[in-house]
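Reading the structure
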Amino acid sequence: MLTKEDNEILCRVGPGTMMGNLLRRYWTPALLSSEVPTPDSPPVRCRLLGEDLVAFRDTYGKVGLLDNYCPHRRVSLFFGRNEECGLRCVYHGWKFDVSGACVDMPSEPAESNFKDKVRITAYPTHEAGGVIWTYMGPEDKQPGFRNFFGDAFPESEWRATKIISVCNWMQGLEGNIDSSHIDYLHSGRPPGVEVKEAADQVWFDQPGYPPPGSRTPRSHSPTLEMEDTWYGFRYAGLRKTPNGYTNARVTDIILPFYTLVAPVYGPLGGDNFLVMVPIDDHSFWRLGFATTSTPVPEDPRLASLQAIIAQYGIKERNQWADNDYLIDRDAQKTSTYTGISGIAQQDLAVTESMGTIGDRTKEHLGTTDRAVIRMRQKLINAAKDLANGIEPADVDPSLPWDRIRSAERNLDEGEDWRMLGTEEDPLVRQLETDEVHG
Ligand code: FES
Ligand SMILES: [Fe+2]
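The structure displayed is predicted, hence computed values, not measured ones.

Definitions and cut-offs
Residues numbered from 1 in each chain as written. Chains lettered and ligands numbered in written order. Predicted model: local features only at pLDDT ≥ 70, side-chain atom pairs only at ≥ 80, totals over all residues. Heavy atoms only, no water. Buried < 20%, exposed > 50% of the residue type's maximum accessible area, 1.4 Å probe, protein only. Helix = DSSP H or I, 4+ residues; strand = E, 2+ residues; numbered from the N terminus. Contact = heavy atoms within 4.5 Å. Pairing = 2+ DSSP bridges. Axes fitted to C-alpha atoms, helices over the stretch in contact; angles between N-to-C directions. Donors = N, O, S within 2.8 Å, 3.2 Å for Na, K, Ca; no water. pLDDT = per-residue confidence, 0-100. Core = buried A, V, L, I, M, F, W, Y, C linked by side-chain atoms within 4.5 Å. Domains from an automatic or database assignment. Polar contact = N/O pair within 3.5 Å; in protein donor to acceptor, adjacent residues only side chain to side chain. 1 Å grid on protein atoms, 1.4 Å probe; cavity = no way out; pocket = protein on both sides within 12 Å on 5 of 7 lines; lining within 4 Å. Points joined across faces, edges and corners; volume = space filled by probe spheres on them. Nonpolar A, V, L, I, M, F, W, Y, C, P; charged D, E, K, R; others polar.

1. Some details on helix α1 (residues 4–11)
Inspection of α1 places D6, N7, I9, L10 and C11 among the buried residues, and these make up the whole buried set. Turning to α1, the residues buried within the fold contact α2 (18–23), α3 (169–176) and α8 (370–387).

2. Let's talk about the sheet that holds strand β11 (residues 131–135)
Taken in spatial order, the three strands make up an open sheet running β1-β11-β10, and their pairing is antiparallel. Unpaired on one side and paired on the other, β1 (27–32) and β10 (125–128) mark the two borders of the sheet. Adjacent strand axes in the sheet meet at a mean angle of 35 degrees, parallel and antiparallel pairs treated alike. Relative to β11, β10 runs antiparallel, the two being bridged by four bridges.

3. What to know about the coordination of the iron ion (ligand 2)
The protein atoms that coordinate the iron ion (ligand 2) are H181 (NE2), H186 (NE2), D347 (OD) and D347 (OD), at distances spanning 2.0 to 2.7 Å. Given the relative accessible area of 16%, H181 is considered buried.

4. A short note on the pairing of strand β15 (residues 246–254)
Where burial is concerned, most of β15 is hidden: eight out of the nine residues are buried. Where strand β14 (residues 232–240) folds back onto β15 in an antiparallel hairpin, the turn is made up of five residues, including G244, whose phi is positive at roughly 90 degrees. Both β15 and strand β20 (residues 407–410) contribute to a ladder of four bridges, which runs antiparallel. Among the inter-strand pairings, V250 is bridged to a residue of β20, identified as A407. Pairing between β15 and strand β16 (residues 258–260): three bridges, direction antiparallel. Its bridge partner being in β16, D252 is matched across the sheet by L260. Linking two consecutive strands that pair antiparallel, namely β15 and β16, is a turn of three residues.

5. A word on the confidence of the model for the chain
Per-residue pLDDT for the chain averages 88, and the proportion of residues at 70 or more is 87%. Across residues 195–199, confidence stays below pLDDT 50; counting only partners more than four residues off in sequence or on other chains, it has three contacts. Contacts of residues 264–271 to residues separated by more than four positions or lying in other chains number 28 contacts, the stretch itself having pLDDT below 50.

6. As for the nonpolar core
As a rule of thumb, nonpolar side chains are buried together in soluble globular proteins. In terms of nonpolar packing, the biggest core is built from 71 residues, with W133, W169, F289 and L379 touching the most fellow members. The dominant element in this core, judged by the number of residues it contributes, is α8, at eight residues. Both domains that furnish three or more residues to this core are identified here as domain 1 (27–141) and domain 2 (155–437). Counting 14 residues, the second-largest nonpolar core is a separate cluster that includes V54, L87, V98 and M105.

7. Here's the deal with the environment of D385
Inspection of the secondary structure assignment puts D385 in helix α8. Separated by 363 residues in sequence, D385 and L22 have C-alpha atoms that sit 9.3 Å apart.

8. So, the side chain of N7
By the element assignment, N7 lies in helix α1. Side chain to side chain, N7 and R360 meet in a polar contact 2.7 Å long.

9. Comments concerning empty space enclosed by the protein
Summed over all chains, the structure comprises three cavities of 30 Å³ or more. Computed from the structure, the largest cavity encloses a volume of approximately 60 Å³. As for the largest cavity, its lining consists of R25, Y26, W27, W133, P143, G144, F145, R146, F148, Y258 and V395. Here the residues of the lining of the largest cavity are counted per class, giving eight nonpolar, one polar and two charged.

Pasting the structure below:
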């Protein structure tokens, strides 16, 4: 549990809040590149960390991210005309470029220099991974871009997907580092039918095999072990398998809100780089990345994964609190654990059901919540440090951000889970050789 004060520090992200200040020290994913697809395409609204912004791609392809409100009489620039390297307010024609300069003010006398004195808030942007990123902090603290994507795939192949969630971002983030819930919430079967499933799947149960995710037979009360790293921390959910091996599911946590969740196959999985981007205190985007050539093994059991990777853009939702996420009580009895269809939708149902800002003063945390506890402590400590003048150390772009990998497999005798997904992991070396040699 947390004190009320720490819960507030953790959740509030608006300008001037402690966590809001911390998040504004990092580059933040603002919108998908595909939302402003071509030069002079229509501007779009972008609410981020409690600020109302508008994004547009100018005539040269540069993306601007401006305050939504025109500095003249505060009309929304969403209605603006995107033309000739600037966004023009439709009320009186004032025009702003991507840097925030007012480049035309046709409503004032030609001899006036008023336009040179007016600026609109504009945040710098950077495109990577199919996303437009922005930096919303103090100019003199702006770090270089942490390149999570490396050069294994060209920028043109990266695609991002997002789905909205209507609760506080921390609830989403906590769900991503909560290994034990996958055996329940996401289980493809109700209790009691797993023996047959286990027999079907027993060929996966050998050391070194990277099994397809939570379908692997294993115990349902993982032991969590953790290790601090230069980018945050990583943890393993360790579970016994029917043949007596230890299955290790390793997740990396990169501050402030990035997770590399153990993928459904191999360390290079598709949708496993998951990011929880706060829109405001009461909603966030759940953002995933993949590439058009992400290798997916030819295996009918992975058909649903292939379908996920093929769906780029903003995912539509038809399962909400007010239709009970279309829960099917018969299915809950006979075929799935929740009766709610869709992995992401199962996550949305439980995290949104806590209320838009969950009351962490009333929780009862157990041993499988240790990663959640560590995540909260790290974020709260970093926010308090910043309030005391200590800047975050993990914004250095020269660190190997593209080398961080999660992993899942059964351990060999004497093998330490801490090696999995690192440069010492034979499977990583193998995959890198494949990447280099095609
Ligand atoms: S309100 Fe935008 S130009 Fe007047
Ligand atoms: Fe989940």
